[in-house]
Number of protein chains: 2
Amino acid sequence: MSTTHTTPTTPRTRDSRATREAVIAAATKLMRLHGYHGTSLDDVLRESGVGKGNFYYYFKSKEELGYAILDQLVADFLARTLEPCFADPEGNPIAQVHCLLDRVLEAQRGRHCVGGCPFGNLACELSDVHEGFRGRLAGVFSTWRERLTRAVGDAQARGLVTADCAPAAVAHFLVASLEGAILMTKLTKDISVMEQCVAEMKRYLASYEVTA
Amino acid sequence: MSTTHTTPTTPRTRDSRATREAVIAAATKLMRLHGYHGTSLDDVLRESGVGKGNFYYYFKSKEELGYAILDQLVADFLARTLEPCFADPEGNPIAQVHCLLDRVLEAQRGRHCVGGCPFGNLACELSDVHEGFRGRLAGVFSTWRERLTRAVGDAQARGLVTADCAPAAVAHFLVASLEGAILMTKLTKDISVMEQCVAEMKRYLASYEVTA
DNA sequence: TCGTCTGTACCGACTGGTTGGTACATTAAT
DNA sequence: ATTAATGTACCAACCAGTCGGTACAGACGA
C-alpha cells in the first residue's frame, strides 16, 4: 500500500502537492465516519501511506489538517452541489431550490445513508468546543443560506412567492431541515426518511408560492 | 473540587445509588459538550469525585456508562418534554405539537444555545460507528415520532387537518427539522435561528390545517 | 563534467502524557 | 466476620508531536 523507498508506485515524483492531497483525502474519508476526535493521526498516516515526519513537514498540527480538510470540502461543495443549481440567473429560483434538495437527497442515496454531512458532523462535534472550527463552519452555512435567501428573494421580486414570505427565515429553515434530515437518515439508515423530508420541504415551499 | 478522602462533602453514606447517579450526572454534562469520544473516563471521575475502582464496581465499561446515560436521558425526555405536551387526550393535537416546538425552543434559550440535543449529538457521532448506540438512538427518535404521528393522525381524524396529509411523513419532517434547527442554533450561537425555524415549522403545519 | 553545496521531501524511532481497564488492599455496615 | 463499597497503584495501548537523520534534485563553481 505504501510506497516503499525504491518501488515508485507513486513515481517518486517528489511532488509536494500529491502527498498533501493524499493526506487530506485519507483524513476526509476517515473523519467523515469517525469524527475529528475519533480519527487519530496514525490512522490517517496508515490510510494515506505517508510517514509521520513527512506529515509534519506539510502540516503544523492535526488542527491545521482539519482546517485544510474543511477548505477542500467547502470548495467541493460550492463547485459540485451549490452552484450548479443556481447557475442560470434567468431560471426559476424555486426550481433551483428543488434542484438543490434533490441533489442532497441523491447524495445520501449514493452513500447508502452513511457518513452524513461532513459540515453538519463537524459542527455537531466541535461547535461548543473549538471556536476556530465553529467560526469556519458558521461561515460555510452562512454562504449556503445566502444563496438560498437570494433565490427566494428573486422569486419574491418576480411575484412567484407571496409577500409575507421572509426569504432569510426560509433559508434558515431549509438548511436546518436538510441537515436534520441527513442526520435522521444516517441514524435510521433508511433513505425513505430523506425522501419524505424532501417531499415535505417541497410542500412547505409550495405554501409560499403564488398559485393564481 | 473533588471530595478528598476524609472530608465527607458527600456525607460518606456509602449509598450505592448516589455514586452511580453522580457518575451519570457528571458524564451526561461532560458528554453533552465534548461528545462520547471527547470525554475521557478520567474527566468523568474527576468531575464526579468518584474513584476509578469504584467506577468499575458500578459499570462494566465506558460503553455501559454510555448506555446508562442514554437510558437516563430518555426517561427525562419522555417525562419532562414529550409527555407533558400530549397529556390531555381531549386537547387540540395541533396545539400540542406547538407546545412541543415551544418547549424545545425554550430549552435552547435556557441553555444559551450550548450543548445541542444530546440524542442528536450522539446520533451524529456514533451512528456510523457503533451499532449498539445507533439502535438505541433510533429507538428514541422512533417513539418521539410515534407521539407526533399519533397527534397528527388524531387531528386528521377530527377533520382539523387535510386528508392529503401523511402523519408519519409530517412527524419525520418535524423531528428532523427540530434536530437540524438545534444544530444550527448551537453552531451560530444565535437563538433567533431557532425562533425562525420554529416559526416556519408552525407555518408549515398551518398549510395542512383545515381553515374553513 | 565533476564535485560540492543547498533546500525540499521524506523516514521511523522516540517522548511525555493520556487512554480505558485491572489488581488488590482497605474500609464501613450488617 | 462477611461482604458491599471504595481508594490506589498499576498496565499496555495509544495519542499528538519531536527529533536526528537520509535521499535526492538542481544550482554553482572549478
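A quick note: this is a predicted structure, and the numbers were derived from the prediction, not measured.

Rules behind the numbers
Residues numbered from 1 in each chain as written. Chains lettered and ligands numbered in written order. Predicted model: local features only at pLDDT ≥ 70, side-chain atom pairs only at ≥ 80, totals over all residues. Heavy atoms only, no water. Helix = DSSP H or I, 4+ residues; strand = E, 2+ residues; numbered from the N terminus. Buried < 20%, exposed > 50% of the residue type's maximum accessible area, 1.4 Å probe, protein only. Contact = heavy atoms within 4.5 Å. Areas by Shrake-Rupley, 256 points an atom, 1.4 Å probe, with all protein chains shown as cover. Lys, Arg positive; Asp, Glu negative; His and termini not counted. Charge placed at Lys NZ, Arg CZ, Asp CG, Glu CD. Buried area = accessible area lost by both parts, 1.4 Å probe. Salt bridge = Lys/Arg side-chain N within 4 Å of Asp/Glu carboxyl O. Polar contact = N/O pair within 3.5 Å; in protein donor to acceptor, adjacent residues only side chain to side chain. Near = heavy atom within 4 Å. Nonpolar A, V, L, I, M, F, W, Y, C, P; charged D, E, K, R; others polar. Domains from an automatic or database assignment. Patch = residues over 30% accessible without salt bridge, like charges linked within 9 Å, V, L, I, M, F, W, Y side chains within 5 Å. pLDDT = per-residue confidence, 0-100. Arc of directions from axis to C-beta. Least-squares fit on C-alpha atoms with pLDDT ≥ 70 in both. Phe/Tyr/Trp six-rings, centres within 6.5 Å; stacked < 30°, edge-to-face > 60°. Lys NZ or Arg CZ within 6 Å of the ring centre and 35° of its normal.

### Some details on the overall build of chain A
Thinking step 1. When its secondary structure is counted, chain A shows nine helices and zero strands.
Thinking step 2. Across chain A, helices and strands are ordered from the amino to the carboxyl terminus as α-α-α-α-α-α-α-α-α.
Thinking step 3. Across the 212 residues in chain A, those meeting the buried criterion constitute 49%.
Thinking step 4. Put simply, 67% of the contacts in chain A that link residues at least 6 apart link residues at least 24 apart.
Thinking step 5. Summed over its atoms, the accessible surface of chain A is roughly 9700 Å², and 54% of this surface lies on carbon and sulfur atoms.
Thinking step 6. For chain A, the centre of its 24 positive side-chain charges and the centre of its 25 negative side-chain charges are spaced 6 Å apart.

### Quick word on the interface of chain A and chain B
Thinking step 1. Across the contact, 47 residues belong to chain A and 47 residues belong to chain B.
Thinking step 2. Note on chain A versus chain B: buried area summed over both sides is about 4000 Å², and carbon and sulfur give 65% of it.
Thinking step 3. Broken down residue by residue, the surface that chain A buries against chain B is led by Asp128(A), Leu187(A) and Arg203(A), which jointly contribute 18%.
Thinking step 4. Our count for the chain A to chain B interface comes out at four salt bridges.
Thinking step 5. Here Asp164(B) makes a salt bridge to Arg203(A), at a shortest N to O gap of 2.6 Å.
Thinking step 6. Seen at the junction of chain A and chain B, the total is 17 residue pairs in polar contact (both at pLDDT 80 or more).
Thinking step 7. Taken together, the elements giving at least two residues each to the side of chain A that touches chain B come down to α1 (16-38), α6 (118-126), α7 (131-157), α8 (167-188) and α9 (191-206) of chain A.

### Here we look at the protein's contact with DNA strand C
Thinking step 1. In the region of DNA strand C, 21 residues are neighbours, and Thr19(A), Gly53(A), Tyr57(A), Leu41(B) and Lys52(B) sit closest.
Thinking step 2. Among atoms of DNA strand C positioned within 4 Å of the protein, sugar and phosphate together represent 62%.
Thinking step 3. Taking Thr19(A), its side chain carries an N or O atom lying 2.8 Å from a phosphate oxygen of DNA strand C.
Thinking step 4. The separation between a phosphate oxygen of DNA strand C and a polar main-chain atom of Gly51(A) is 3.1 Å.
Thinking step 5. Of all the elements in the fold, those that place two or more residues in the surface near DNA strand C are α1 and α3 (52-58) of chain A together with α2 (41-48) and α3 (52-58) of chain B.
Thinking step 6. Tallying contributions element by element places α3(A) first for the surface near DNA strand C, with five residues.
Thinking step 7. A breakdown of the residues in the surface near DNA strand C according to their chemical character gives four nonpolar, ten polar and seven charged.

### Details of the domain arrangement of chain A
All names here are of chain A.
Thinking step 1. Looking at chain A, the domain boundaries give domain 1 (1-59) and domain 2 (73-206).
Thinking step 2. Spacing between the C-alpha centres of domain 1 and domain 2 amounts to 31 Å.
Thinking step 3. At the junction of the two partners, domain 1 supplies seven residues and domain 2 supplies twelve residues.
Thinking step 4. Summed over both sides, the interface between domain 1 and domain 2 buries roughly 710 Å², with carbon and sulfur atoms accounting for 59% of that surface.
Thinking step 5. Together, Arg32, Tyr36 and His37 form the three largest contributors to the area buried by domain 1 at its contact with domain 2, with a combined 76%.
Thinking step 6. Taken together, the links from domain 1 to domain 2 amount to zero salt bridges.
Thinking step 7. At the boundary of domain 1 with domain 2, the tally comes to four residue pairs in polar contact (both at pLDDT 80 or more).
Thinking step 8. By residue class, the composition of the side of domain 1 that touches domain 2 is two nonpolar, four polar and one charged.

### Overview of a nonpolar patch on the surface
Thinking step 1. On the surface, Val129(A), Leu33(B) and Val114(B) cluster together into a nonpolar patch covering about 170 Å² of accessible area.
Thinking step 2. Assessed through its relative accessible area of 31%, Leu33(B) is described here as partly exposed.

### Observations regarding the confidence of the model for chain A
Thinking step 1. Averaged over every residue, the pLDDT of chain A is 91; the share at 70 or more is 92%.
Thinking step 2. Predicted confidence for residues 1-13 of chain A stays below pLDDT 50, and this span has five contacts to residues more than four positions away or in other chains.

### What to know about α2(B)
Residue and element names in this part refer to chain B.
Thinking step 1. When α2 is considered as a whole, its buried residues turn out to be Leu41, Val44, Leu45 and Ser48. Along α2, the residues classed as buried sweep out an arc of 95 degrees about the axis, all on the same side.
Thinking step 2. Glycine 49, located one to two residues past α2, shows a positive phi value of around 70 degrees.

### A short note on the relation of the copies chain A and chain B
Thinking step 1. Rotating chain A by 180 degrees and moving it 0.0 Å along the rotation axis overlays it on chain B with an RMSD of 0.0 Å. Such a turn and shift between the copies fits a two-fold axis.
Thinking step 2. Most of the interface of chain A is mirrored in chain B, where 100% of its interface residues are also at the interface.

### Overview of the packing of aromatic side chains
Aromatic ring pairs are defined here through the distance separating the ring centres and the angle between the ring planes.
Thinking step 1. Tallied over the entire structure, the rule returns 23 aromatic pairs over all chains.
Thinking step 2. Taking 4.7 Å as the distance between ring centres and 40 degrees as the angle between the ring planes, the aromatic pair formed by Tyr67(A) and Phe133(A) counts as tilted. With a gap of 66 residues between them, Tyr67(A) in helix α4 (residues 62-85) and Phe133(A) in helix α7 connect regions that are remote in the sequence.
Thinking step 3. The buried category is assigned to Tyr67(A), whose relative accessible area is 15%.
Thinking step 4. Their ring planes at 85 degrees and their centres at 4.9 Å tell us that Phe55(B) and Tyr56(B) sit as a pair that is edge-to-face.
Thinking step 5. Taking relative accessible area as the criterion, Phe55(B) reaches 0% and is therefore assigned buried.
Thinking step 6. A residue is classified by how much of its surface remains accessible, and Tyr56(B), at 40% relative accessible area, is partly exposed.
Thinking step 7. Taken together, the aromatic side chains of Phe173(A), Tyr204(A), Tyr208(A), Phe173(B), Tyr204(B) and Tyr208(B) make up a single cluster linked through ring pairs.
Thinking step 8. In this structure, Arg136(A) is placed above the aromatic ring of Tyr67(A), and the distance from its NZ or CZ to the ring centre is 3.8 Å.
Thinking step 9. The ring centre of Tyr208(B) lies 3.8 Å from the NZ or CZ of Arg203(A), which sits over that ring.

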